[in-house]
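# Observations on chain architecture
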Amino acid sequence: MSTDGSFKRVDAAWRNKISKEPGSMFPPEKGRYHLYVAYACPWAHRTLMTRAIKGLEDIISVTVVMPVWQKTKPDDPIDRHNGWVFANKSGKALKNTAGLGGPFPASYPSNEADPIFNAKSVREIYEISGDKDGKYTVPILFDKKSQTIVSNESSEIIQMLNSQFDEYATSPDIDLEPQDLREAMQSVDSWIYPNLNNGVYRCGFAKTQEAYNAAIDDLTAAFDRVEEILSRQRFIAGDQFTLSDIRLFVTLLRFDEVYVVYFKTNTRSVANSPNLLNYCREIYQMPGVAETVDMHQIKEHYFCSHPDLNKLSIVPRGPDFERMLNERHNRGALGKRPKISVSDEEKD
């Protein structure tokens, strides 16, 4: 948090690369790497989507942590860190970190215990790896062979998943970062990240009216800019689905159900933006994408993990945005059909 009350995100500290280059410390291998993710987290969701679209489910294993933050050192009365914890199938029902709300289950069918160290929290994975930064975030790309974190920077993890595992992928012909679109991708990423991806957090965690006003102005302008771009081209960087679309989609997916209410981004909504809504429908209907979405856990995380924003952890019912995403889209009118098709017949 800055002195003027605006939210400032701390950069990821683990920035190693998986590479096919000779002598690489982290070469691509089947079964060597593991992803720690949360369905709730948009940054982690990027990696789940890329893994699914490239067909790497049998190459890179994954563990999904529980959605509601808990104290990561509950037996230490001095330690105040709250964060991601693993499922405990025999655990007792939980409350939020203020001891209110819930009860929340200690496990869900799709959430598992840590299979590598039997750690209780994501924080423990960082500490085992010798972390000195203290930012215990997901996603984590973990090397089971050398027993260390490779990367916790989602934008770089998805690039690795796209380009470094093609010899193992079931969809190696899908390139989500094509050379001819990289300049356009970098251009859109440069303003979508600060104003939308991180912009929702700038609105939600602003500590002064002035900081919020600046953030919501930036977000609203960026939202309108995306809606206009998608009125004339099928995807955000051109006529091909790319990593930039994944980066955008994970924010839009959470926008109406969470951010409009929780982060006060109510100047706009995806449901009332026809180009954005149909764009989201097309992506959601791509093979493998819907399986990476758990709206229940998304909402439970946001509305129940920050008692300072929602003391009693009441979860709003919402507009059932996933139902809208299952309806037909009209994006085929804007360009060629992407390699990642929705079915044998275009859902237009």
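Here we summarise the structure given alongside this text. Worth saying up front: this structure is predicted, and the values here are computed from it rather than measured. (Residues numbered from 1 in each chain as written. Predicted model: local features only at pLDDT ≥ 70, side-chain atom pairs only at ≥ 80, totals over all residues. Heavy atoms only, no water.)

### With respect to the overall build of the protein
Of regular secondary structure, the protein possesses 10 helices and six strands. In terms of overall dimensions, the protein is globule-like: its C-alpha atoms have a radius of gyration of 20 Å, near the 20 Å expected for 348 residues. By principal-axis analysis of the C-alpha atoms, the protein measures approximately 60 × 50 × 40 Å. Each of the 348 residues in the protein was classed as buried or not, and the buried ones make up 56%. Intrachain contacts of the protein at a sequence separation of at least 6 include 72% that bridge at least 24 residues. (Helix = DSSP H or I, 4+ residues; strand = E, 2+ residues; numbered from the N terminus. Rg over C-alpha atoms; globule rule 2.2 N^0.38 Å. Buried < 20%, exposed > 50% of the residue type's maximum accessible area, 1.4 Å probe, protein only. Contact = heavy atoms within 4.5 Å.)

### Here we look at the pairing of strand 5 (residues 140-143)
Side chains on a regular strand alternate between the two faces of the sheet. Of the two faces of strand 5, both are covered, the one formed by Ile-140 and Phe-142 as well as the one formed by Leu-141 and Asp-143. Judged from the four bridges that link them, strand 1 (residues 33-37) and strand 5 form a sheet pairing that is antiparallel. Its bridge partner being in strand 5, Leu-35 is matched across the sheet by Leu-141. Where strand 5 meets strand 6 (residues 148-151), three bridges bridge the pair, whose relative direction is antiparallel. By the bridge assignment, Asp-143 is partnered in strand 6 with Thr-148. (Pairing = 2+ DSSP bridges.)

### What to know about the packing of aromatic side chains
On inspection of all chains with the given rule, the structure shows 20 aromatic pairs. On the numbers, 5.6 Å between centres and 20 degrees between planes, the contact of Tyr-262 with Phe-263 is stacked. A relative accessible area of 6% places Tyr-262 in the buried class. For Arg-225, the ring lying beneath its charged end belongs to Trp-191, and the centroid distance is 3.9 Å. (Phe/Tyr/Trp six-rings, centres within 6.5 Å; stacked < 30°, edge-to-face > 60°. Lys NZ or Arg CZ within 6 Å of the ring centre and 35° of its normal.)

### Quick notes on the sheet that holds strand 5
On the basis of which strands lie adjacent, the open sheet formed by four strands has the order 2-1-5-6 and mixed pairing. Looking at which strands have only one partner, the edges of the open sheet turn out to be strand 2 (61-64) and strand 6. Mean inter-strand twist for the sheet, computed between neighbouring axes without regard to direction, equals 35 degrees. Relative to the sheet, helix 1 (residues 42-54) contacts strand 1 and strand 2, its axis offset from that of strand 1 by approximately 135 degrees. Packing against the sheet, helix 3 (residues 154-163) makes contact with strand 1, strand 5 and strand 6, and its axis sits at approximately 85 degrees to strand 6. (Axes fitted to C-alpha atoms, helices over the stretch in contact; angles between N-to-C directions.)

### A word on the pattern of salt bridges
One pass over the structure, following the stated rule, counts 17 salt bridges. A salt bridge links Glu-127 to Lys-73; the shortest N-O distance between them is 3.5 Å. Taken as a pair, Glu-127 in helix 2 (residues 122-128) and Lys-73 in the loop between strand 3 (70-71) and strand 4 (82-83) lie far apart in primary sequence, 54 residues in all. Residue Lys-73 is classed as partly exposed on the basis of its relative accessible area of 30%. Between Arg-268 and Asp-224 there is a salt bridge whose closest N-O contact spans 2.7 Å. Here Asp-224 lies in helix 6 (residues 209-229) and Arg-268 lies in the loop between helix 7 (243-262) and helix 8 (274-284), a separation of 44 residues in the sequence. Accessibility expressed as a relative area gives 35% for Asp-224, which makes it partly exposed. Ionic contacts of the salt-bridge type, sharing partners, join the residues Glu-29, Arg-32, Asp-143 and Lys-145 into one network. (Salt bridge = Lys/Arg side-chain N within 4 Å of Asp/Glu carboxyl O.)

### Regarding helix 4 (residues 182-197)
In this model, helix 4 (16 residues) spans only 19 Å end to end at C-alpha, well below the 22 Å of a helix rising 1.5 Å per residue. Roughly 30 degrees is the biggest bend found in helix 4, and it falls at Trp-191, with proline Pro-194 one to four residues downstream. Along helix 4, the residues classified as buried are Met-185, Val-188, Asp-189, Trp-191, Ile-192, Asn-195, Leu-196 and Asn-197. Buried residues along helix 4 sit in contact with helix 1, helix 5 (199-204), helix 6 and helix 7. (Expected span 1.5 Å × (residues − 1). Bend = angle between axes of the 7 residues up to and from the residue.)

### What to know about the nonpolar core
Across soluble globular proteins, nonpolar side chains have a tendency to be buried as a group. Membership of the largest hydrophobic core comes to 100 residues, with the highest contact counts inside it found for Val-226, Ile-236, Phe-249, Val-270 and Tyr-279. At 12 residues, helix 7 tops the list of elements feeding residues into this core. Beyond its immediate sequence surroundings of up to four residues, Val-226 is in contact with Trp-191, Ile-192, Leu-196, Ile-236, Leu-248 and Leu-276. (Core = buried A, V, L, I, M, F, W, Y, C linked by side-chain atoms within 4.5 Å.)

### Some details on the environment of Met-185
Along the polypeptide, Met-185 turns up in helix 4. The spacing of Met-185 and Leu-243 is 58 residues in sequence and 8.0 Å in space, taken between C-alpha atoms.

### Quick word on the packing of helix 6 against helix 8
Two elements in contact, helix 6 and helix 8, have axes separated by 8 Å at closest approach and are oriented at 70 degrees. One finds that helix 6 runs roughly perpendicular with respect to helix 8. Residues Phe-223, Val-226 and Glu-227 of helix 6 touch helix 8, and the partners they reach there are Pro-274, Asn-275 and Leu-276. In the contact of helix 6 with helix 8, the residues fall into four nonpolar, one polar and one charged. (Parallel < 35°, antiparallel > 145°, perpendicular 65-115°, else oblique. Nonpolar A, V, L, I, M, F, W, Y, C, P; charged D, E, K, R; others polar.)

Scope: geometric values only; no functional claims are made or implied.
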